[in-house]
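Listed below, chain by chain, are the residues.
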Amino acid sequence: MSFKNWPVWILVLWTVGVILASFVDFNTNQIHLDLILAKPCFQYILGLDDLGRDILPRLISGAKVSFLVIFLVTAVTASVGIILGLISGYYGGWVDRTLMQITDVFLAFPGILLAIAFAAVLGAGLTNLILALCITSWVGYARLTRGQVLSLRQRQHVIAAQSIGASTTRILLKHILPLIAAPLLVEATYSMASLVIAEASLSFLGLGIQAPNASWGGMLRDGVRYMLIAPHYVLAVGLSLMSLVLAVNVLGDQLRDQLDVRG
Amino acid sequence: MIKRFLGIIPVVFGVVSLTFLLIHAVPGDPVEVMLGESASNADRMELRAGLGLDKPIYAQFGIYLSKLVQGDFGISIHSRKPIVDMLLERLPATFKLAAFALLFAIFIGLPLGIIAAINAKKWPDTIANLLSLTISAMPHFWMGPMLMMVFALWLGILPVSGMENATSIILPALTLGFGLAAILTRMTRASMLEVLHEDYIRTAYAKGLPQRTVILRHALRAALMPVITVLGLQLGSLLAGAVITETVFSWNGIGRLLVESIEKRDYLVTQACVLVVALVYVIVNFVTDVIYTQIDPRVRFLK
């Protein structure tokens, strides 16, 4: 275990937390009225929150929520984005123009603005939060895939495959997709880091999973309210969130350098 | 330039269509959801008629478009004021916040990037790199409270929130600007490093110019071009970040209006805020694009 691998260890820690939270019932809503906002101690390592609930199990349970959101959203948006990008880049013409016009429209909404809007009108809740993030985050994959396909379309091995009568699906999946897997993997890593922040932002605004269930964004909002008298609450949640985002981003940088993906 | 301008028209049309569809993404009857159970029948009828919900969807879109062109965003259900007035009231505060954030970002990011590039692979570079990495991992709703805790609660030198004092803007602007500063640092560093390897820089050093002159006069000017482009594209992220930052610091801008409207289920206001922010973003990008072509002779020559 070397210091250089710290992002991996944070991710391992996160995963262990997620697995634990999936199989063990932590009793996250148990209230200790005499210990409201109590500071960290031996029994409660991270202290207690404003309702006298143990922070550590709630943090782990919040990790499960963000894990769920990130992997569902990434699975859906990466598949949709990659398929649309492949089609758009390979066929060109009006299909490409229409799809690119649509992505332009989505890109005209800065950051998570559109996700906030959709999560708001769909109504609070985990499903709607996932839906809102799915609606808005497929664009990056589509643009990246399309650009890569455009530069590969005229490669000799693709033309060779075409000339011996390989089907379009085969060419796209066997001759083009493997070559663009590396940049897509890097894109997915960075996009996961922003999804962690996006999920927490929406929960912070009260649009994610509802109380009494724990989410990092919701816990941060409560923690900020009591940060003067109980800074341990907001620090515990904020530092966890920050180290996770940092780890995923650094991992993305390392992947980019190792796989030799440009910019 | 006219060609570029024509290019943004379909985007604007798309943005308007997507925001129009927002109201239709409300599950069930939007009127019931927005007004709640306590509303009178007259109010419901009024809102229904105002949105044209009794008509087919293309007619509703027509109504929406024609009202928009006249600058009519409808009436807020909650405050009963015309939404356009509410937007105009809140927009200046957001612009002011974004402008200060931009200033902070430039004053922090540019020098840090230059220092990192000059000392590439030495300790100042490592520190700048670590700083920008850490800051990029801090979302606004975490950075904001941390700054608040240190400067307002512990040191007590700046106001916690609100916008009464002249110094009130410092913390929210720093919160909003730090992320951009981190991006600027990395961009400036990369861009400077590329320029520093050019022959004319070596010539400048060879004829005995002091490092200061070489860096500021010769290298920086060339290195700034790509940085400016990124800056233009990132201005939009300031607008999106303003939503959270304004909420954290009770800054009465359009971002806070958006969040308030969501809490009150005043979805017409939500819709209008989203539309206005997106339109501002499109315009800013267009202007950056135009300025970029005007400044850089190479790009102008290519067109």
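The rules behind each value
Each chain carries its own residue numbering, running from 1 in the direction its sequence is written. Here the convention is simple: chains get letters from A, ligands get numbers from 1, in the order in which they are written. Residue-level local features of this predicted model are given only where pLDDT is at least 70; pairs of side-chain atoms are given and counted only at 80 or more, and the full residue set underlies all totals for whole chains, interfaces and linings. For helices the rule is a DSSP run of H or I covering at least 4 residues; for strands it is a run of E covering at least 2, with both sets numbered from the N terminus onward. The exposure label follows from counting other C-beta atoms within 10 Å of a residue's C-beta, where the C-beta atoms are placed from the backbone and the thresholds are 20 or more for buried and 12 or fewer for exposed, leaving partly exposed in between. This entry defines residue contacts through backbone-placed C-beta atoms, with two residues in contact when those atoms are within 7 Å. Note on residue classes: Ala, Val, Leu, Ile, Met, Phe, Trp, Tyr, Cys and Pro are nonpolar, Asp, Glu, Lys and Arg are charged, and everything else, Gly too, is polar. The arc refers to the directions leading from the helix axis to the C-beta atoms. Each residue after the first adds 1.5 Å to the expected span of a helix. A residue's bend is given by the angle between axes fitted to the 7 residues ending at it and the 7 residues starting at it. Angular values range over 0 to 180 degrees, each being the angle between N-to-C directions of two axes fitted as lines to C-alpha atoms, with helices fitted over their stretch in contact. By definition in this entry, angles of less than 35 degrees are roughly parallel, angles greater than 145 are roughly antiparallel, angles of 65 to 115 are roughly perpendicular, and the rest are oblique. Left-handed is the label given to a crossing in which the near helix is rotated counterclockwise from the far helix by less than a right angle, and right-handed is the label when the rotation is clockwise. Confidence scores here are pLDDT values: one per residue, from the predictor, ranging 0 to 100.

Undergrad: Help me out: how do you make sense of the overall build of chain A in this one?
TA: On a plain count of helices and strands, chain A comes out with 10 helices and zero strands. In chain A, the succession of α and β elements from N to C terminus is α-α-α-α-α-α-α-α-α-α. The dimensions of chain A, computed from C-alpha atoms along their principal axes, are 75 × 45 × 30 Å. The buried share of chain A, taken over its 263 residues, is 44%. Within chain A, counting contacts between residues at least 6 apart in sequence, those at least 24 apart form 67% of the total.

Undergrad: What am I meant to see in the interface of chain A and chain B here?
TA: Quite often, the size of an interface is put as the accessible area lost when its parts meet. Contacts between chain A and chain B engage 34 residues on the former and 37 residues on the latter. For the side of chain A that touches chain B, the secondary-structure elements that each account for two or more residues are helix H3 (93–107), helix H4 (113–122), helix H8 (168–204), helix H9 (216–225) and helix H10 (231–259) of chain A. At nine residues, H10 of chain A tops the list of elements feeding residues into the side of chain A that touches chain B. In terms of residue class, the side of chain A that touches chain B is made up of 27 nonpolar, six polar and one charged.

Undergrad: How should helix H5 (residues 126–136) of chain A be read in this particular structure?
TA: Since one α-helical turn is 3.6 residues long, residues separated by three or four positions face the same way. Within H5 of chain A, the full set of buried residues consists of Asn 128, Leu 129, Ala 132, Leu 133, Ile 135 and Thr 136 of chain A. Taken around the axis of H5 of chain A, the buried residues stretch over an arc of 160°, which confines them to a single face.

Undergrad: Please explain the environment of Leu 224 of chain B as it appears in this structure.
TA: All names here are of chain B. Tracing the chain through its elements places Leu 224 in helix H10 (residues 211–248). Under the C-beta neighbour-count criterion, Leu 224 is labelled partly exposed, with 18 such atoms within 10 Å. With 33 residues separating them along the chain, Leu 224 and Ser 191 place their C-alpha atoms 7.5 Å apart.

Undergrad: For this particular structure, what's the right way to read the environment of Pro 10 of chain B?
TA: Summarising the element assignment, Pro 10 of chain B is placed in helix H1 (residues 2–24). Residues Pro 10 of chain B and Leu 275 of chain B, 265 residues apart in the sequence, show an inter-C-alpha distance of 15 Å.

Undergrad: Would you mind showing me how to read H8 of chain A here?
TA: Residues and elements named next belong to chain A. In this model, H8 (37 residues) spans only 45 Å end to end at C-alpha, well below the 54 Å of a helix rising 1.5 Å per residue. At Leu 177, H8 shows its maximal bend, which comes to roughly 55°, and the proline Pro 178 appears one to four places after that position. The positive-phi residue at the C-terminal boundary of H8 is Gly 206, with phi of around 80°.

Undergrad: Looking at this structure, I do not really get the packing of H3 of chain A against H1 of chain B. What am I missing?
TA: The axes of two packed helices give the description: the angle between them and the distance between them. Look at H3 of chain A against H1 of chain B: their axes get within 9 Å of each other, and the N-to-C directions meet at 65°. Judged on the interaxial angle alone, H1 of chain B and H3 of chain A are roughly perpendicular. The element H3 of chain A and its partner H1 of chain B pack so that their crossing is right-handed. Residues Gln 101, Asp 104 and Val 105 of chain A of H3 of chain A pack against Pro 10, Val 11, Gly 14, Val 15 and Leu 18 of chain B of H1 of chain B.

Undergrad: I keep staring at the packing of H10 of chain B against helix H11 (residues 254–263) of chain B and nothing clicks. Help me out?
TA: All names here are of chain B. Viewed as axis vectors pointing N to C, H10 and H11 meet at an angle of 80°, and their least axial separation amounts to 7 Å. It follows from the interaxial angle that H10 and H11 lie roughly perpendicular. Judged by residue contacts, Ala 242, Val 243, Thr 245, Glu 246 and Thr 247 of H10 engage Gly 255, Arg 256, Leu 258 and Val 259 from H11.

Undergrad: So what exactly am I meant to see when it comes to unusual backbone geometry here?
TA: Negative phi characterises most residues that are not glycine, and trans characterises most peptide bonds. All names here are of chain B. For Ser 250, which is not glycine, the phi torsion reads 50° and is therefore positive. Residue position: Ser 250 is located in the loop between H10 and H11. Its identity is not glycine, yet Arg 265 carries a phi of approximately 55°, on the positive side. Relative to the helices and strands, Arg 265 resides in the loop between H11 and helix H12 (267–295). According to the C-beta neighbour criterion, Arg 265 is partly exposed, with 19 such atoms within 10 Å.

Undergrad: What is the right way to read the confidence of the model for chain B from this model?
TA: Note: predicted coordinates in regions of low pLDDT should not be interpreted at a detailed level. Overall, the predicted model of chain B reaches an average pLDDT of 86, with 97% of residues at or above 70. Reported confidences for the modelled complex are a pTM of 0.89 and an ipTM of 0.87.

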